[in-house]
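Listed here are the chains, written in short residue letters.
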Amino acid sequence: MALNLRQKQTSLIVRMLNLNQAPSTASSLSPTENEEEIYKILIMDSFCRSILSPLIRVNDLRKHGVTLYLPIEKPRQPVPGVPAVYFIRATSENIDLVAKDASAPLYDSLHLNFSSSLPRPLLDHLASKTVQTDSAARISKLYDQYLEFISLEESLFSLGQADTYLQLNDPKAGDQEIEAIIEKIVSGIFCVLATLGVVPVIRCARGGPAEMVASALDSRLRDHLIAKPNLFTESGLATSFQRPVLCLFDRNFELSVGIQHDWSYRPLVHDLLGLKLNRVNMPPGNAMKSYELDDSDPFWAANSWSPFPKVAEEIELQLKAYKQDVDEVNRRTGGQGGVEFEGTDLIGNTKHLMNAVNSLPELTERKNIIDKHTNIATVLLGQIKERSLDGFCDCESDMLAKGSVDKSVLLSLLKGKGTKEDKLRLAITYLLSFESPIPSELEMIETALKESEVDISAYQYVKRIKSLNASFASSSSVASRSNIVDWAEKLYGQSISAVTAGMKNLLSAGRQLALTRTVDALMEARPGTEVDSYLLFDPRAPRAGAGAQFRGPFRDAIVFMIGGGNYVEYRSLMELAQSSQPTKHVVYGTTEILNGREFIDQLAALGKKMGFGGATTVNPGQ
């Protein structure tokens, strides 16, 4: 069973653009034999634009009869006689805007598509509004699409829920706020499962947000499965081994991965240039404002996980090969040493000209890709040299993999030319690399941070929760773990235990992360491992627990990180899937994809909420 999430979401969106009918496959029919193409307008809110952005290009919209796409939030002019396809979230603000459009009227008919599902109170509100203005007849159709997630790649998705780590770990967050965040996450994961059409076996560690999400998701799936038919109705009987395992983790499971610098091309682009929705914005002064980076770019697909020096070498090799091919075309079409062609050579020369003309589009595309990555690599190289990022990567890797650090190197980096944010990330990585840091080294690090005028709120926050973890570990009480208030009070210590445990070999054995090792153990169902204590939820099994629950092994897994994921974890999981025999299939999802700076910002905000930090602030531009 292949979990083709991106492909399935794209096909559902294409169906939606065709007024929720299957696209015509009778392309060979003449216009007189086929129905006339329906032209329409697409109306979206900002989040649904983010869903479409990595999947559908403007030319693709036109292929499906969309002549105009507009934001629902801005004023729009009437377009008589044309249907409008709405793709929006189910919010009261959007419902009011739809009712206003219907009463205006702006369009001939409205086809409403909600990114998740429309709650009954909002449905009643829409009905009431349109009845009052006598415009209900203009609402042609209404669909719950369950597409409220962003598919960035075939095996990568995000819920696009910003600042989830900050919200879940906020010491001032109340019960209702935590429950609302958990419900939002559950709704997003439910949309992913509905799109895939699978009901997984759910595994998670005890305690914390992972257990809360697992329990709520299990209940929602059970309630939904009662109805027949439902979103997961399958043709034929599905045996247990065909189902995937859904592995839920909390960001605190492995904090260091979200903080450390990485030397690979894709994480570097994400960290330094801010890769968002498969698009990177170039700094001011660059000829190109932005570039798309996805699997349609063969260089990106082949080299995005390579170390940066190797990427630079590959760019040079491809540029050299391109120049050789251009010279070969010129040689074949430009005559021989300036001698005019005789009549006997005319046919051969014509063939060469035709071949040259046919090769021009391919050569032009190759040149555009080479220019794109040359520009990106040049900007990256400038920042690497300016900030000594190679030194930060090497030092952090040594600490995490070897459990040791060269004090002189550490101190020189903290006092060197990296940004304040670089130094802060290095200091926090040091904290997470050693179970019992030497007090004199901690004092040295803190002094160096203060001399560089670094806001140490994030550093003090991690230091504090690590200290609390040691206290809670010594008096490990499991009572009331399911209680929200109890969890919120003890989260700071409880969830860090997985970070410090096994930290010494975090990046050893082929740089395999603790997350990857745990997922591998859950998929293989190995007894006698640390995952024996993980909870198991099976929405298809009786609640009373009658009968044996299926624990694996599994060939397919959905790994979801609550509180923010990153490309380093994604790479590690893809390497696990590809290196396994037989090959596994792993899909990686998260509430949002964060680079080190963005995650540090959330840690700093939590530090300030706990009373840490000084007057200075972290400025990545300094």
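Criteria and thresholds
Residues numbered from 1 in each chain as written. Predicted model: local features only at pLDDT ≥ 70, side-chain atom pairs only at ≥ 80, totals over all residues. Heavy atoms only, no water. Pairing = 2+ DSSP bridges. Helix = DSSP H or I, 4+ residues; strand = E, 2+ residues; numbered from the N terminus. Axes fitted to C-alpha atoms, helices over the stretch in contact; angles between N-to-C directions. Contact = heavy atoms within 4.5 Å. Parallel < 35°, antiparallel > 145°, perpendicular 65-115°, else oblique. Left-handed = near helix turned anticlockwise from the far one by under 90°. Nonpolar A, V, L, I, M, F, W, Y, C, P; charged D, E, K, R; others polar. Buried < 20%, exposed > 50% of the residue type's maximum accessible area, 1.4 Å probe, protein only. Polar contact = N/O pair within 3.5 Å; in protein donor to acceptor, adjacent residues only side chain to side chain. Core = buried A, V, L, I, M, F, W, Y, C linked by side-chain atoms within 4.5 Å. Salt bridge = Lys/Arg side-chain N within 4 Å of Asp/Glu carboxyl O. Expected span 1.5 Å × (residues − 1). Arc of directions from axis to C-beta.

Glancing now at the sheet that holds strand β7 (residues 156-158). Spatial ordering of the open sheet is given by β6-β7-β14-β13-β9-β8-β12, a layout of 7 strands whose pairing is mixed. Two strands bound the open sheet, and with one partner strand each, they are β6 (150-153) and β12 (535-537). Each adjacent strand pair in this sheet contributes to an overall mean axis angle of 20°, direction not counted. Across 4 bridges, strand β8 (residues 201-204) lies against strand β9 (residues 245-250) in parallel orientation. For Cys204, the partnering residue across the bridge sits in β9 and is Leu248. Contacting β6 and β7, helix α1 (residues 5-17) runs over the sheet at an angle of about 130° to β6.

Here the focus is the packing of helix α4 (residues 92-103) against helix α5 (residues 120-132). When two helices pack together, their arrangement is given by the angle between the helix axes and the distance between those axes. Relative to each other, α4 and α5 sit at 25°, their axes nearing to 9 Å. Classified by the angle between their axes, α4 and α5 sit roughly parallel to one another. Considering only the axes of α4 and α5, their crossing is right-handed. Contact with α4, carried on its side by Ser92, Ile95, Asp96, Val98 and Ala99, involves Leu122, His125, Leu126, Lys129 and Thr130 of α5 and no other residues of that element. The residue makeup of the contact of α4 with α5, split by class, is 5 nonpolar, 3 polar and 2 charged.

Summarising the element assignment, Asn169 is placed in helix α6 (residues 164-169). Of the residues examined, Asn169 reaches a relative accessible area of 3% and is grouped as buried. A polar contact of 3.2 Å, which involves the side chain of Asn169, links it to the side chain of Asn252.

A few words now on the nonpolar core. Grouped burial of nonpolar side chains is what soluble globular proteins tend to show. Counting 70 residues, the largest nonpolar core has Phe249 and Ile376 as its most contacted members. Setting aside its immediate chain neighbours within four residues, Ile376 contacts Tyr265, Val269, Leu273, Val280, Met282, Tyr291 and Leu293. Grouped together as the second largest cluster of nonpolar side chains are 40 residues, Val213, Leu217, Leu248 and Phe537 included.

This brings us to the pattern of salt bridges. Applying the stated rule across the entire model yields 33 salt bridges. Between Glu598 and Lys276 there is a salt bridge, and its shortest N-O distance comes to 2.9 Å. With Glu598 in helix α23 (residues 596-609) and Lys276 in the loop between α9 (265-273) and β10 (279-281), this residue pair connects regions lying 322 residues apart in the sequence. Residue class for Lys276 comes out partly exposed when judged on its relative accessible area of 40%. Of the charged contacts, one joins Lys402 and Asp398 as a salt bridge, the two residues approaching to 3.5 Å between their closest N and O atoms. Residue Lys402 and its partner Asp398 are both found in helix α13 (residues 389-402); the two are separated by 4 residues, about one turn of the helix. You can call Lys402 exposed: its relative accessible area is 59%. The class for Asp398 is partly exposed, based on a relative accessible area of 32%. It is possible to trace a salt-bridge network through shared partners that takes in Asp271, Arg387, Glu421, Asp422 and Arg425.

Counting through the fold element by element, Leu168 comes out in helix α6. On the basis of relative accessible area, Leu168 is assigned to the buried category, the value being 4%. The spatial distance from the C-alpha of Leu168 to the C-alpha of Gly563 is 7.8 Å, given a sequence separation of 395 residues.

Within the open sheet, the 5 strands sit side by side as β2-β1-β3-β4-β5. Their pairing is parallel. Each having just a single partner strand, β2 (66-71) and β5 (139-144) make up the two edges of the open sheet. Across the sheet, the axes of successive neighbouring strands diverge by a mean angle of 20°, strand direction being ignored. Bridge analysis of strand β1 (residues 40-44) against β2 gives 5 bridges, and the strand direction is parallel. If you follow Leu42 over to β2, its bridge partner there is Tyr69.

Relative to the assigned elements, Glu446 resides in helix α16 (residues 439-451). Overall, Glu446 belongs to the buried group, its relative accessible area being 15%.

Cis geometry marks the peptide bond from Ala104 to Pro105, where omega comes out at -15°. A cis amide bond, omega -5°, links Gln581 with the succeeding residue Pro582. Note that Pro582 resides in the loop between α22 (567-579) and β14 (585-590). Of note in this structure, Tyr146 is not a glycine but carries a positive phi near 50°. Residue position: Tyr146 is located in the loop between β5 and β6. On the basis of relative accessible area, Tyr146 is assigned to the buried category, the value being 15%.

One can find Ser452 in the loop between α16 and α17 (457-474). Sequence separation of Ser452 and Lys423 is 29 residues, and the distance between their C-alpha atoms is 8.8 Å. Apart from the residues lying within four places of it in its own chain, the contact partners of Ser452 are Leu414, Lys420 and Lys423.

Attention now goes to α4. Between the first and last C-alpha of α4 there are 17 Å, a value that for 12 residues agrees with the 16 Å anticipated at 1.5 Å per step. The complete set of buried residues in α4 reads Asn94, Ile95, Val98, Ala99, Asp101 and Ala102. Buried residues along α4 cover an arc of 160° about the axis, so they all sit on one side. Opposite the buried face of α4, at more than 90 degrees from it, the exposed residues are Glu93 and Lys100. Elements that come into contact with the buried residues of α4 comprise β3 (83-88), β4 (109-114), α5 and β5.

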